[in-house]
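Chains, contacts and geometry: an overview
So you can see what is in the structure, the chains are spelled out below.
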Protein chains: 2
Amino acid sequence: MASTLFGDCSTSSAARLLPLHRHTTISLLFRRLLPQSLPRQLGPSRTPTSLRALSFPYSTSSSPSPAPPAVASLAGEASATVIDGKAVAKKIRDEISAEILGMKEATGVVPGLAVILVGDRAESATYVRNKKKACGHVGINSFEVHLPANSSEEEVLKYISEFNADPNVHGILVQLPLPSHMNEQNVLNAVSMEKDVDGFHPLNIGQLAMRDREPLFVPCTPKGCMELLHRYGVNIKGKRAVVIGRSNIVGMPAALLLQREDATISIVHSRTSSPEEITRQADIVIAAVGQANMLRGNWIKPGAVVIDVGINRVEDPTSPRGYKLVGDVCYEEVCKVASAITPVPGGVGPMTIAMLLSNTLASAKRIHNFH
Amino acid sequence: MASTLFGDCSTSSAARLLPLHRHTTISLLFRRLLPQSLPRQLGPSRTPTSLRALSFPYSTSSSPSPAPPAVASLAGEASATVIDGKAVAKKIRDEISAEILGMKEATGVVPGLAVILVGDRAESATYVRNKKKACGHVGINSFEVHLPANSSEEEVLKYISEFNADPNVHGILVQLPLPSHMNEQNVLNAVSMEKDVDGFHPLNIGQLAMRDREPLFVPCTPKGCMELLHRYGVNIKGKRAVVIGRSNIVGMPAALLLQREDATISIVHSRTSSPEEITRQADIVIAAVGQANMLRGNWIKPGAVVIDVGINRVEDPTSPRGYKLVGDVCYEEVCKVASAITPVPGGVGPMTIAMLLSNTLASAKRIHNFH
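Residues numbered from 1 in each chain as written. Chains lettered and ligands numbered in written order. Predicted model: local features only at pLDDT ≥ 70, side-chain atom pairs only at ≥ 80, totals over all residues. Heavy atoms only, no water.

A count of helical and extended segments in chain A gives 13 helices and 11 strands. Within chain A, the proportion of its 371 residues that are buried is 61%. Of the contacts made within chain A by residues no fewer than 6 positions apart, 75% connect residues no fewer than 24 positions apart. Carbon and sulfur atoms provide 53% of the accessible area of chain A, an area that totals close to 14,000 Å². (Helix = DSSP H or I, 4+ residues; strand = E, 2+ residues; numbered from the N terminus. Buried < 20%, exposed > 50% of the residue type's maximum accessible area, 1.4 Å probe, protein only. Contact = heavy atoms within 4.5 Å. Areas by Shrake-Rupley, 256 points an atom, 1.4 Å probe, with all protein chains shown as cover.)

Right under this line is the structure:
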């Protein structure tokens, strides 16, 4: 079954990535996933446990490196539990809907998310459309500004400034990438810290890195990864965690988040000489490197939990679209070794926008002091 | 010789730490070191190489984990090169003096450092005195405000605000710890980003963590560690680096700095289950945990470079002071395994204040656009 869906890793790892995506960020690729259909599950479907109730109580600080606990292998041929990001994301959206309703009834306030889109990239437009749809479903007001590609940076900054001041807007998202004549850093830094629902402001990142500090927002994709670990009851404290990739939007904040929960982290990147050797030590692996099927079965310690953030297009003449989506992890191999794994699509992807909605709600609650 | 100076690790690791220091930070302990005498060197004294000229050119990305190159073991009984922080710090201070002279001649500007000291802690007063002396030696103007322990937070903030606006002040340092009735975070965040020579502002830390961003200042102690590695020609790119300790002022920024130079980092902390096993994989070890003699010889990979940031007082009835200073590393054991090691005292300690002077000069140059 796996091979039907994901192809043979040994060949697909050498498959030509479609050039369209070489310059886009992983985060943007996620955003395309939303309209996809439900992923075909390779292991048994498990209903995600509610919140952290299942978090296993045993302490791990004294034992060297036990296999992660809360997800069990199947009897017979080992096959990992599929971490069903689509189902978890739906549950989170339902929770958000209920909270928004309660907040509206109690205070009259409706959370609002503003998106600034510059230019005509089809992918960006798709994402903004999906975001609006997701906002609508949970009851968040959405505001959109669509500027032509030749707009000036000042125009973008002017809208950011207006949204910063607008009491109906609780989150501001600047759709990336911006046209090349704009300074992305200037634009992102202009978003008010209190409305930085993407969590990309360096002040938020600094507070994420520092002990005894609390960021106002955590970037959506790594937050989604952590939420999956929590909701599947994966114990993090004292575990070895390896993050593959050190991007500002996924790898680096994911490592900081794991460390905040007392994992012992290692960060593997393009300059690492023996990535497989280090990865094999991990109880928890987060792969966010953007390379199709890079993590083979022999990279993974038996029983590890594997979160696959990568979303890569590889050619697939048998598909009506001409391509298929695969992760950074060779699913068909790793699902036989890991105790739990996220599929691609349907794993981390749907969590990103759920976390954006969650950050927007949290912002509205904070601004209006509603608990 | 080693045992004369550092005692027997197997006993001194169990030695009672003097309670005086249990609540102080590693950074503060450093600051006491300045008046200490030159460390007795256990290996041959090597003149530190100038800048990065000795950085070995071979690429390491293809070889798994070669021993760090630029520092060689002695023939005969293996003994690590002693990384002479005191000598390097002196050289840096000389360089800073020359630069300040040149800047003064060219622009008339003299760099200025302001220190705010609240209360009567003897250690803090000693540090402030040493800092003033060090400023004087290199030609930096120093400004000092000494407030009584019962001052209000508002008074401290008022002085910060004045220094923020004062064109003669290019660096502001709030001596920690503050009295307990003050909110350290509020006070530190009030220091202008442009004058945050301690590098503790979360915005600076965020920019340190993010790729393609540049912090205005890097915290002094981890910057000193990196400077020692650079000046001894230690190759960092592609190396395994383990940082022990995850404090905001040393461990965390040290890990981020190593990663910025393409090391593969792991961060070991109090919740790590097999710290020695992970540390043994490292080509470069930075120990900043504040526990006397914790790292034994068998924690270290032969040929590794070891930077010992810890400064711990242990009882020593044979000393006139009644105590001696030891690092986090069991020097007498590790110097036989490592290829290079910093002594305590005389290793990282003297570098901290040298980096403070360096940050202050850099700030003045930036503010006055002098290159």
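Here we come to the nonpolar core. Counting 145 residues, the largest nonpolar core has Leu-229, Leu-258 and Ile-307 of chain A together with Leu-229, Leu-258 and Ile-307 of chain B as its most contacted members. Filtering out sequence-adjacent residues up to four positions away, Leu-229 of chain A remains in contact with Val-234, Ile-236, Leu-258, Ile-284, Val-305 and Ile-307 of chain A. (Core = buried A, V, L, I, M, F, W, Y, C linked by side-chain atoms within 4.5 Å.)

Moving on to the relation of the copies chain B and chain A. When chain B is fitted to chain A, the residual RMSD is 0.0 Å, and the transformation amounts to a turn of 180 degrees plus an axial shift of 0.0 Å. Such values leave the two copies arranged in the relation of a two-fold axis. Taken together, the interface assignments show that 97% of the residues at the interface of chain B recur at the interface of chain A, consistent with an identical surface on both copies. (Least-squares fit on C-alpha atoms with pLDDT ≥ 70 in both.)

Right, let's get into the interface of chain B and chain A. At the junction of the two partners, chain B supplies 39 residues and chain A supplies 38 residues. Counting each side, the surface lost to burial between chain B and chain A is near 3,600 Å², with a carbon and sulfur contribution of 49%. Inspection of the chain B/chain A interface yields four salt bridges. Here Asp-262 of chain B ties to Arg-271 of chain A by a salt bridge, and the two come within 3.9 Å at their closest N and O atoms. Across the chain B-chain A interface, the total number found is 16 residue pairs in polar contact (both at pLDDT 80 or more). For the side of chain B that touches chain A, the secondary-structure elements that each account for two or more residues are helix 7 (184-190), helix 8 (202-209), helix 10 (251-260) and strand 6 (264-268) of chain B. In terms of residues, the side of chain B that touches chain A owes the most to one element, helix 8 of chain B, which gives six residues. (Buried area = accessible area lost by both parts, 1.4 Å probe. Salt bridge = Lys/Arg side-chain N within 4 Å of Asp/Glu carboxyl O. Polar contact = N/O pair within 3.5 Å; in protein donor to acceptor, adjacent residues only side chain to side chain.)

We now examine the sheet that holds strand 2 (residues 112-118) of chain B. Two pairing modes exist for strands in a sheet, parallel and antiparallel, and in both the strands are linked by backbone hydrogen bonds. Residues and elements named next belong to chain B. Pairing in this open sheet of three strands is parallel, and the strands run 3-2-4 from one edge to the other. Lying at the two open borders of the sheet, with one neighbouring strand each, are strand 3 (141-147) and strand 4 (171-174). This sheet shows a mean twist of 15 degrees between the axes of neighbouring strands, independent of strand direction. Summarising the sheet, strand 2 and strand 4 pair through four bridges and their orientation is parallel. In the strand pairing of strand 4, Leu-113 is matched with Gly-171. (Pairing = 2+ DSSP bridges. Axes fitted to C-alpha atoms, helices over the stretch in contact; angles between N-to-C directions.)

The next thing to look at is the packing of aromatic side chains. Residues and elements named next belong to chain A. A full pass over the atoms with the stated rule returns zero aromatic pairs over all chains. Of note, Arg-313 hangs over the ring of Tyr-323, and the distance from its end group to the ring centre comes to 4.0 Å. Sitting over the face of the ring of Phe-217, Arg-366 holds its NZ or CZ atom 4.8 Å from the ring centroid. (Phe/Tyr/Trp six-rings, centres within 6.5 Å; stacked < 30°, edge-to-face > 60°. Lys NZ or Arg CZ within 6 Å of the ring centre and 35° of its normal.)

This next bit is on the packing of helix 8 (residues 202-209) of chain A against helix 10 (residues 251-260) of chain A. Residue and element names in this part refer to chain A. Relative to each other, helix 8 and helix 10 sit at 35 degrees, their axes nearing to 9 Å. Between helix 8 and helix 10, the contacting residues are Ile-205, Gln-207, Leu-208 and Ala-209 on the first element and Met-252, Pro-253, Leu-256, Leu-257 and Arg-260 on the second. Its residues placed into classes, the contact of helix 8 with helix 10 shows seven nonpolar, one polar and one charged. (Nonpolar A, V, L, I, M, F, W, Y, C, P; charged D, E, K, R; others polar.)

Here the focus is the pattern of salt bridges. It is possible for side chains of opposite charge to pair when their charged atoms get near one another. All names here are of chain A. Going through the model one piece at a time under the given rule, you end up with 26 salt bridges over all chains. Note that Lys-301 is salt-bridged to Asp-283, the shortest N-O span being 2.7 Å. Of this pair, Lys-301 sits in the loop between strand 7 (284-287) and strand 8 (305-308) while Asp-283 is found in the loop between helix 11 (275-279) and strand 7, placing the two residues 18 residues apart along the sequence. Take Lys-301 and Asp-283: they sit in the same class, and that class is buried.

Residues and elements named next belong to chain A. With 79% of its residues at a pLDDT of at least 70, chain A reaches an overall mean of 84. Segment residues 1-7: pLDDT under 50, and 19 contacts once partners within four positions in sequence are set aside and those in other chains are kept. In this model residues 12-76 is a low-confidence stretch, pLDDT under 50, and it forms 151 contacts with partners more than four residues away in sequence or in other chains. (pLDDT = per-residue confidence, 0-100.)

This next bit is on the state of the cysteines. Residue and element names in this part refer to chain A. If you walk through the whole model with that rule in mind, you get zero disulfides over all chains. No disulfide involves Cys-335; its sulfur sits 8.6 Å from the nearest other cysteine sulfur, which is in Cys-330. We classify Cys-335 as buried; its relative accessible area is 7%. (Disulfide = S-S within 2.5 Å.)

Okay, the side chain of Asp-84 of chain B next. Residue and element names in this part refer to chain B. Within the secondary structure layout, Asp-84 lies in the loop between strand 1 (81-82) and helix 4 (85-107). In this structure Asp-84 is buried but unpaired, with Lys-86 as the nearest side chain of opposite charge at 8.0 Å. Of note is the side chain of Asp-84, whose polar atom sits 3.0 Å from the backbone nitrogen of Ala-87. (Lys, Arg positive; Asp, Glu negative; His and termini not counted.)

What follows deals with the packing of helix 9 (residues 220-231) of chain B against helix 13 (residues 349-367) of chain B. Residue and element names in this part refer to chain B. It is at 8 Å that the axes of helix 9 and helix 13 come closest, and there the two elements cross at 100 degrees. As far as their axial angle goes, helix 13 and helix 9 are roughly perpendicular. Residues Cys-220, Thr-221, Lys-223, Gly-224, Glu-227 and Leu-228 of helix 9 lie in contact with helix 13, whose contacting residues are Met-351, Thr-352, Met-355, Leu-356, Ser-358 and Asn-359. For the contact of helix 9 with helix 13, a count of residues per class yields five nonpolar, five polar and two charged. (Parallel < 35°, antiparallel > 145°, perpendicular 65-115°, else oblique.)

Bringing the environment of Asn-293 of chain A into the picture now. As for its position among the elements, Asn-293 of chain A is in the loop between strand 7 and strand 8. For the pair Asn-293 of chain A and Asp-308 of chain A, spaced 15 residues apart in sequence, the C-alpha to C-alpha distance is 9.9 Å.

Time to look at the environment of Ala-134 of chain A. Residue and element names in this part refer to chain A. As for its placement among the helices and strands, Ala-134 is situated in helix 5 (residues 122-138). Under the relative-accessibility criterion, Ala-134 is labelled buried at 10%. Linking Ala-134 and Arg-93, residues 41 residues apart in sequence, is a C-alpha distance of 8.6 Å. In contact with Ala-134, not counting residues within four places along its chain, are Ile-353 and Leu-357.

Residues and elements named next belong to chain A. Its 17 residues give helix 5 an end-to-end C-alpha distance of 25 Å, which sits within 8% of 24 Å, the value for a rise of 1.5 Å per residue. Every buried residue of helix 5 is accounted for by Glu-123, Ser-124, Thr-126, Tyr-127, Val-128, Asn-130, Lys-131, Ala-134, Cys-135 and Val-138. Following helix 5 by one or two positions, Gly-139 has its phi on the positive side, about 95 degrees. (Expected span 1.5 Å × (residues − 1).)

Let us now look at unusual backbone geometry. The peptide bond linking Leu-176 of chain A to Pro-177 of chain A adopts the cis configuration, its omega dihedral lying at -5 degrees. Along the chain, Pro-177 of chain A falls in the loop between strand 4 (171-174) and helix 7 (184-190). Phi at Asp-212 of chain A is positive, roughly 65 degrees, even though this residue is not glycine. In the Ramachandran plot, Asn-293 of chain B falls in the positive-phi region, its phi being about 55 degrees despite a non-glycine side chain.

This part takes up the sheet that holds strand 4 of chain A. Residues and elements named next belong to chain A. The three strands lie next to each other as 3-2-4, forming an open sheet whose pairing is parallel. Edge positions in the open sheet fall to strand 3 (141-147) and strand 4, since each of these has one partner strand only. The average angle at which neighbouring strand axes cross in this sheet is 15 degrees, direction not considered.

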